[in-house]
Amino acid sequence: MQGSGYGKAILIGDHFVVHGARGIALGIPKKTTVTVERAASLRFLFECGDMLKEATRRILKKVAGNTDYEVSMESELQPSAGMGWSASYSVALARAGAKAAGKELTRRQAADAAFEGEKVFHGNPSGIDNTLAAFGGVMLFEKGKEAEPLKVEGDFHFVIANSGKKGTTKELVEKVSLLKQREPTLFGEMMEEEDKIVGGAVTALGEGNAGKLGELMNENHALLEELGLSTPIIDDIRRIALENGALGAKITGAGGGGVCIRSARMRPWTC
Ligand code: PMV
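The structure presented is a predicted model; accordingly, all values stated were derived computationally and were not measured.

1. Describing the overall build of the protein
Link 1 in the chain: On a plain count of helices and strands, the protein comes out with 8 helices and 9 strands.
Link 2 in the chain: Expected size for 271 residues packed as a compact globule is a radius of gyration near 18 Å; at 18 Å, the protein falls within 12% of this value.
Link 3 in the chain: Overall size of the protein, expressed as C-alpha extent along the three principal axes, is 55 × 45 × 35 Å.
Link 4 in the chain: Counting over 271 residues, the protein shows a buried share of 48%.
Link 5 in the chain: Relative to all contacts within the protein whose residues are 6 or more apart in sequence, the contacts with residues 24 or more apart total 72%.

Following this line, the structure appears as C-alpha cells:
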C-alpha cells in the first residue's frame, strides 16, 4: 500500500508559529512516497536513524494499530533542508499505513497522525509542516486552529535555493525556545512584529502585490536573523538574489543552513 505527502515552504512565520503566532506557508509539488507491506515485525528497506524509527512506530500504531510492516520510501525532497521532509514522510506513512489497515484518511486525519511523527522530529512542532504536507495550497496557519486557505490574486513566483548545509530542526527549535525564556519581553515584541508582517502578507497576496510581499519577506528574515538562524551561505544567497532583482529573500524552515526562498520577478530563475 502506498501513500504520499508533499513538501512545504514557509513564506512568513518560521519558528514564531511554534510559539502561537500566525504564519503563511505554501505546499510545494515535491513529494515523499512511502510503501508499506505486512511483515512479521517492523522492517525498513532504507537506511534510517532512531528518530525516524520512533516516528514510524508512533504513526503506524496510530493509523494501523500495530507496527508489523515493511516500510520503503522514495523522496524528491532533501532531509534537514527546511522543506518539510519529515512531515512529508509522516503524512505519506500515515496514508500508506491506514490503507494497509483498510482505511482511507481524510486530509485532517492524515495531518493529525503525522503530527505524532513531527513530535519526534521537531520536539515541539507547530503543526504547520504536517498541515501543508497533507493539504497543500497556500495556508494561513495558527497552532491549534484549522488552517485557512488564502486568497491569492495573480501570479507569484518563488525560487528556492539550497545552501547545501543541513540544519537540525529539533535543535534550532530548542535554541529559539531558550532565547524566548531568556528574553521574554524582547521575544514578545518580535512575535507582535511577526504578526503584523503576516497581516501585511495576507493583504499583499490577496492584492497580487509581489513587491510588498518581498519587503515583508525581508522584514521576516531580519527577525529570524536576530534569532541567530541565518548562516554566511544564506546571507550570500540573499545578497546575490537581491542584487539580481529578487523582490525579497529569507530563510525558510528551521534555518541554520537549509534553504532560502525568494520572491522573483515574473521570470523565475535558479542558481
Ligand atoms: O526546517 P523544517 O522543514 O523542519 O521546518 C521547521 C519549521 C519550524 O517553524 C522551525 C518548526 C515548526 O514546527 O513549525
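2. As for helix α3 (residues 107-122)
Link 1 in the chain: Look at α3: 21 Å from first C-alpha to last across 16 residues, which is about the 22 Å you get at 1.5 Å a residue.
Link 2 in the chain: A maximum bend of about 35° is found in α3 at Glu116.
Link 3 in the chain: Next to the buried residues of α3 lie β1 (2-12), α1 (50-64), α2 (85-100), α4 (128-135) and α5 (169-182).
Link 4 in the chain: Following α3 by one or two positions, Gly123 adopts a phi angle in the positive range, close to 80°.

3. Some details on the site of the ligand
Link 1 in the chain: Taken together, 17 residues surround the ligand, and among them Pro125, Ser126, Thr169, Gly253 and Ala254 come closest.
Link 2 in the chain: Elements represented by at least two residues in the shell around the ligand include exactly α4 and α5.
Link 3 in the chain: Of the residues belonging to the shell around the ligand, the class tally is 7 nonpolar, 8 polar and 2 charged.
Link 4 in the chain: Shared between two domains, the shell around the ligand takes at least three residues from each, and those domains are domain 1 (2-148) and domain 2 (152-264).

4. Observations regarding unusual backbone geometry
Link 1 in the chain: Not every positive phi belongs to a glycine, and His15 is a case in point at roughly 70°.
Link 2 in the chain: Mapped onto the secondary structure, His15 falls in the loop between β1 and β2 (23-38).
Link 3 in the chain: Its identity is not glycine, yet Ser80 carries a phi of approximately 55°, on the positive side.
Link 4 in the chain: On the secondary structure map, Ser80 appears in the loop between β4 (69-75) and α2.
Link 5 in the chain: Judged by local crowding, Ser80 falls into the partly exposed class, with 18 C-beta atoms found within 10 Å.

5. A look at the domain arrangement of the protein
Link 1 in the chain: When the domains of the protein are assigned, the result is domain 1 (2-148) and domain 2 (152-264).
Link 2 in the chain: One C-alpha centre belongs to domain 1, the other to domain 2; they are set 23 Å apart.
Link 3 in the chain: Across the contact, 25 residues belong to domain 1 and 34 residues belong to domain 2.
Link 4 in the chain: If you tally residues by element for the side of domain 1 that touches domain 2, the top one is β1, at 4 residues.
Link 5 in the chain: A breakdown of the residues in the side of domain 1 that touches domain 2 according to their chemical character gives 13 nonpolar, 10 polar and 2 charged.

6. Considering the pairing of β4
Link 1 in the chain: Here β2 pairs with β4 via 7 bridges, running antiparallel. Across the sheet, residue Arg38 finds its bridge partner in β4, namely Tyr69.
Link 2 in the chain: Bridge analysis of strand β3 (residues 43-44) against β4 gives 2 bridges, and the strand direction is parallel. Within β4, the position partnered with Arg43 by the bridge is Glu70.
Link 3 in the chain: Once you follow β3 into α1 and on to β4, the crossover reads as left-handed.

7. Regarding the confidence of the model for the protein
Link 1 in the chain: Predicted confidence across the protein gives a mean pLDDT of 93, with 97% of residues reaching 70 or more.
Link 2 in the chain: For the stretch residues 266-271, pLDDT sits under 50, and the model shows 7 contacts to residues farther than four places along the chain or on other chains.

8. Side note on the environment of Ser80
Link 1 in the chain: Considering only alpha carbons, one finds Ser80 and Lys250, 170 residues apart in sequence, at a separation of 17 Å.
Link 2 in the chain: What Ser80 contacts, discounting residues up to four positions off in sequence, is Lys166, Gly167 and Thr168.

9. Remarks on the nonpolar core
Link 1 in the chain: Counting 80 residues, the largest nonpolar core has Ala9, Ala25, Val91, Ala94, Ala114 and Ala201 as the members making the most contacts within it.
Link 2 in the chain: Here this core gets 10 residues from one element, more than from any other, and that element is α2.
Link 3 in the chain: A domain-level breakdown of this core finds at least three residues from each of domain 1 (2-148) and domain 2 (152-264).
Link 4 in the chain: Not counting the four nearest positions on each side in its chain, Ala201 is found in contact with Leu11, Ile12, Ile24, Leu213 and Leu216.

Calculation criteria
Residue numbers run consecutively from 1 along every chain, following the written order of its sequence. Where local features are concerned, this predicted model is filtered to residues with pLDDT of at least 70; where side-chain atom pairs are given and counted, the filter is 80 or more; whole-chain, interface and lining totals use all residues. Counting from the N terminus, the helices are the DSSP runs of H or I reaching at least four residues and the strands are the DSSP runs of E reaching at least two. Just to be clear, the radius of gyration here is over C-alpha atoms, and the globule rule we use is 2.2 Å times residues to the power 0.38. Neighbour counting defines burial: a residue surrounded by 20 or more other C-beta atoms within 10 Å of its own C-beta is buried, one with 12 or fewer is exposed, and intermediate counts give partly exposed, using backbone-placed C-beta atoms. Distance between backbone-placed C-beta atoms decides contact: two residues are in contact if it is within 7 Å. By this rule the span expected of a helix is its residue count minus one, scaled by 1.5 Å. A residue's bend is given by the angle between axes fitted to the 7 residues ending at it and the 7 residues starting at it. By convention here, the C-beta atom is placed from the backbone, and a residue is near a molecule or strand when that atom is within 6 Å of it. Here the nonpolar group is Ala, Val, Leu, Ile, Met, Phe, Trp, Tyr, Cys and Pro; Asp, Glu, Lys and Arg are the charged ones; every other residue, Gly included, is treated as polar. Domain start and end points were adopted from an automatic or database domain assignment. Pairing between two strands is assigned when DSSP locates at least 2 bridges connecting them. Look down the strands so they point away from you; if the path from the first strand over the helix to the second goes clockwise, the crossover is right-handed. How sure the predictor is of each residue is captured by pLDDT, a score from 0 to 100. Buried Ala, Val, Leu, Ile, Met, Phe, Trp, Tyr and Cys residues whose C-beta atoms connect them within 7 Å together make up a nonpolar core.

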